[in-house]
Amino acid sequence: MDFDLTKLLFTLLGLLIVLNWGILMSGIIRKIGARVAKRYGIPVYQGWIDLIKNYAIRSQITHGIMFYLGPVFRLSGGVGLFLFMPMIFGSEHWSNYSFQGDLILLMYFQFFGMLGMALGAGEGGHPNSAIGISRGLSQFTTIEVPMTLAVIAIAIQYHTLSIADIVAAQQGSILNWTVFTNPFATVAAMLSVLGAFGHSPFNLVKAPNEIPIGPPTEYHGTFLGVLRTNAAILHVIEAVLFMNLFFGGASNWFELFLKSFLIYFWSVFVGMVFPRFRIEQSVRWFLKIPTLLGIIAIILA
Amino acid sequence: MTNETNNIVEDKLELEDKFLAPENRKRQVTTPDGTIIEVDPLRDYFSDARPQIYRPNSIPVIENFLNWARAESLWVLGFGTGCGSIELPPLTTPRFDAYRFGVQMRATPRQSNVFIISGYLSVKTLKRVVRSYEQMPNPKYVIALGSCTINGGMYYDSYNTINRLDQYMPVDVYIAGCMPRPEALLAGFNKLKELIKAGKAEKANEYVENFDWYKANQKKIIKDWNMPDYNW
């Protein structure tokens, strides 16, 4: 493979855009949540201030090598997802390093950060981290079931594992989007994305008032800053993945911002309405209706 | 070593061990593969290193910028020590809405910057407060809420509460009253912001500089001291 400096620079620029859009997006969402509760709410730019403050914490405590590597793994999971994701359809510069069969890799990368975090937080030694990790992994495993079924269904439907090809197949009319051609797979995936974004009703893993903070209990300062950076990237990238698979991709940045915001807002909207599930309830819930819909999608495909 | 000194050493050990919970005592443990190792929870689980002083950044522009970020992003440790903690929940409600000042609640001391000592502090709570305070990362600020933290307030002659908080940890902002209303707390947050932006909120380093004095005061009050001197 030839080394292409322009491509690399465009990819880094894309990462910067995605990071800032992720921070801005969560700021907007929190502002909306505050206005729904009739509060003035937090400033939209609070995410950036929190990041600067976290990176500027003076004293840091470490519990060992894995404790360092946990956030690094998590960040590389998020950045890895970004690197192999075609962002803008038909654009030479914004396709990043996507290739034939990248869908499989992306499904793997989704779990990668989670596992790294589990190792790191486990070394933190705090009991709340261990509980949070076991809850998070069991919930995420069940989230993967309907999501994988949906992905397999659309892979069968389009006869390809390349995201760029899947997006290409959905062009032309809004009726070509997967949401209309394969509604069962879309519904199964959109239900599982609720868990992937980690909002209520599936936010037991990190909810501050259940077990304090969960896996990142011991993480502070720069560690927490890295985790928050990753969260901003990951939220956008997950939304972009679903946009590419089910909602016809994006042909420019504005379309990407709009669609990813709406997909993210879907999980927030559900979270505002429904109360939190306990972990065994959420595990059962994912294995019932979303899995059933996923199986139907595969049978129909 | 004579018998007498032996006895004194043993007595001292017994005195130190008296308050230790059984699971915190030094003991021998057999690992799954058969080797016998010695476990000393107080040494293994905690560090006994002394705290360090972290100087502010020497370039004024950078330090001012970082102080601005610190002031605009105050993460409060959700630890209510006394009756004043009932004034904290209303801060997040639409009526007072502390979020608009960048004040957010955190559930773990590792991620918090502001510690609100809300009201009277019993001796039992003081021990937990000291541990939580020392676990917070370096730029950390203490807000003392209510008269009880200033001079004991209505509990001034109680056998079980401390009277002056600043003997046990450095305090940045006092909010007087019994009880101060949430508005007073908001004013306190804004005062703290002013102090941080002016670079005057370096009490975490002050705690380290006068570490021995603070420790002596704490140990005078906490009779069942069964933890290392510094919990980080």
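Preceding block: the structure.
What you see is a predicted model, and the numbers here were worked out from it, not measured in a lab.

This brings us to the packing of aromatic side chains. Residue and element names in this part refer to chain A. Scanning the entire structure with this criterion turns up 32 aromatic pairs over all chains. Seen in terms of ring centroids, Phe-111 and Phe-140 are 5.5 Å apart; in terms of plane orientation they differ by 80°. Their pairing is edge-to-face. One end of the pair, Phe-111, is in helix α4 (residues 102–124); the other, Phe-140, is in helix α5 (residues 127–158), with 29 residues separating them in the sequence. The exposure class assigned to Phe-140 is buried, which follows from its relative accessible area of 8%.

What follows is about the state of the cysteines. What the rule picks out here adds up to zero disulfides over all chains. Between B:Cys148, a cysteine without a disulfide, and B:Cys178, which holds the nearest cysteine sulfur, the sulfur-to-sulfur distance is 5.6 Å.

Residue and element names in this part refer to chain B. Direction of pairing for strand β1 (residues 27–30) relative to strand β2 (residues 36–39): antiparallel, over a ladder of four bridges. The residue bridging Arg-27 from the neighbouring strand is Val-39, located in β2. Where β1 folds back onto β2 in an antiparallel hairpin, the turn is made up of five residues, including Gly-34, whose phi is positive at roughly 100°.

Turning to empty space enclosed by the protein, a few remarks are in order. Across all of its chains, the model carries two cavities of 30 Å³ or more by this definition. For the largest cavity, the calculated volume is near 50 Å³. Lining the largest cavity are A:Arg58, B:Asn67, B:Arg70, B:Pro139, B:Tyr141, B:Ile196, B:Gly199, B:Lys200, B:Ala201 and B:Glu202. A per-class count over the lining of the largest cavity returns four nonpolar, two polar and four charged.

Moving on: the pattern of salt bridges. Applying the stated rule across the entire model yields 16 salt bridges over all chains. Of the charged contacts, one joins A:Arg58 and B:Glu202 as a salt bridge, the two residues approaching to 3.1 Å between their closest N and O atoms. Taken as a pair, A:Arg58 in the loop between α2 (46–55) and α3 (65–83) and B:Glu202 in the loop between α5 (182–197) and α6 (203–209) lie in two separate chains rather than in one. The buried category is assigned to A:Arg58, whose relative accessible area is 16%. Take B:Glu202: its relative accessible area is 22%, and that puts it in the partly exposed class. With its nearest N and O atoms 3.2 Å apart, the salt bridge here joins B:Arg50 to B:Asp212. One end of the pair, B:Arg50, is in the loop between α2 (41–45) and α3 (60–72); the other, B:Asp212, is in helix α7 (residues 211–221), with 162 residues separating them in the sequence. Side by side, B:Arg50 and B:Asp212 carry an identical accessibility label, which is exposed.

What follows deals with the environment of A:Ser162. Residues and elements named next belong to chain A. Structurally, the position occupied by Ser-162 is in the loop between α5 and α6 (163–169). Ser-162 sits in the buried class, given a relative accessible area of 2%. Along the primary structure Ser-162 and Met-85 are separated by 77 residues, whereas in three dimensions their C-alpha atoms are 10.0 Å apart.

Criteria and cut-off values
Per chain, the residues get numbers from 1 upward, laid out in the order the sequence is written. Throughout, the order in which chains and ligands are written sets their labels, letters from A for the former and numbers from 1 for the latter. With pLDDT at 70 or above as the cut-off, local features in this predicted model cover only qualifying residues; side-chain atom pairs require 80 or more to be listed or tallied, and sums for whole chains, interfaces and linings still use all residues. For the side-chain quantities, the full set of heavy atoms in the structure was used; hydrogens and water were omitted. Here the aromatic set is Phe, Tyr and Trp, taking the six-membered ring for Trp, and pairing holds for ring centres within 6.5 Å; pairs whose planes are under 30 degrees apart are stacked, those over 60 apart are edge-to-face, and all others are tilted. We count a stretch as a helix when DSSP gives it H or I for four or more residues in a row; a strand needs E for two or more, and each element gets its number in order from the N terminus. Exposure is judged per residue with a 1.4 Å probe applied to protein chains only, and the accessible area is read against the type maximum: over 50% gives exposed, under 20% gives buried, and values in between give partly exposed. Here, the term disulfide refers to a pair of cysteine sulfur atoms separated by no more than 2.5 Å. Strands are treated as partners if at least two bridges between them are detected by DSSP. Cavity and pocket criteria rest on a 1 Å grid covering protein atoms alone: a 1.4 Å probe that fits but cannot get out defines a cavity, protein on both sides within 12 Å along at least 5 of 7 lines defines an open pocket, and an atom within 4 Å of a point defines a lining residue. Grid points are joined across faces, edges and corners, and a volume is the space filled by probe spheres set on the points. Residue type decides the class: Asp, Glu, Lys and Arg count as charged, Ala, Val, Leu, Ile, Met, Phe, Trp, Tyr, Cys and Pro as nonpolar, and the leftover types, Gly among them, as polar. Salt bridges, as used here, are contacts in which a Lys or Arg side-chain nitrogen is within 4 Å of a carboxyl oxygen on Asp or Glu.

Everything listed here is a matter of coordinates, which is why it stays silent on function.
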